[in-house]
Amino acid sequence: MKICFPIESFEGLNSQVYGHFGSAAGFVLVDTESNSIEEIRNDDAHHAHGMCQPVRAMGGRAVDAVAVTGIGMGALMALRSQGIKVYRAASGSVDENVKLMAGKGLPEFQAGFTCPGHSGGGCSH
């Protein structure tokens, strides 16, 4: 399984999962079958809220799942429409979340927890 994690700084499996998918500096892609990782820059980091293009953000990489702590409704729906499962990550490192994922410890992300924007009200995550 190929899983994508948004990150703020590039530290491989020690990278901390970043709180906002669309504005993350980059992503760590973990291939659990080959035990390999890839770090990529977010090619869509500077977009208006609600205009995130998640596949572009991930550099066009094909993934099976995304694990995030925060994401907007548009990005969530765009990922789902591509057949990509979206899981609610725990705060902590990519490595910790990969282990949780392997043990079925990350629930699927629900629409009610998406980020409504940052002006005035903040996020619900």
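On a predicted model such as this, the values are computed, not experimentally measured, just so you know. Here, residues in each chain are numbered from 1, in the same order as that chain's written sequence. This being a predicted model, a pLDDT of at least 70 is required before a residue's local features are given, and a value of 80 or more before pairs of side-chain atoms are given or counted; all residues contribute to the totals for chains, interfaces and linings. Side-chain numbers come from the whole structure's heavy atoms, not from hydrogens or water.

Caption draft 1: Spotlight on the pairing of strand E3 (residues 36–41). As paired strands, strand E2 (residues 26–31) and E3 are joined by six bridges and run antiparallel to one another. Note on E3: the bridge partner recorded for Phe27 is Ile40. When DSSP finds two or more bridges between two strands, those strands count as paired. The secondary structure listing takes helices from DSSP runs of H or I that are at least 4 residues long and strands from runs of E that are at least 2 residues long, numbered from the N terminus. Hairpin geometry of E2 and E3 is characterised by an intervening segment of four residues between the two adjacent antiparallel strands and by a positive phi of about 55° at Asn35.

Caption draft 2: Examining the sheet that holds strand E1 (residues 2–7) more closely. Across the sheet, five strands lie side by side as E3-E2-E1-E4-E5; this open sheet has mixed pairing. Since the sheet does not close on itself, it has two edges, and those belong to E3 and strand E5 (85–88), each with one partner. When the angles between neighbouring strand axes are averaged without regard to direction, this sheet yields 25°. What counts as an axis is a line fitted to C-alpha atoms, over the stretch in contact for a helix, and the angles between N-to-C directions run from 0 to 180 degrees.

Caption draft 3: Region of interest: the side chain of Asp31. Examined against the element boundaries, Asp31 turns out to sit in strand E2. Pairs of N or O atoms are called polar contacts if they sit within 3.5 Å, as long as, within protein, a hydrogen donor faces a hydrogen acceptor (for residues adjacent in sequence, only side-chain-to-side-chain pairs). Among the polar contacts listed, one links the side chain of Asp31 to the backbone nitrogen of Glu33, at a separation of 2.9 Å. In terms of polar contacts, Asp31 uses its side chain to reach the backbone amide nitrogen of Ser34, at 3.2 Å. Among residues more than four places away in sequence, those in contact with Asp31 are Met1, Lys2 and Ser36. Residue contacts follow a heavy-atom distance rule, with two residues in contact if any of their heavy atoms lie within 4.5 Å.

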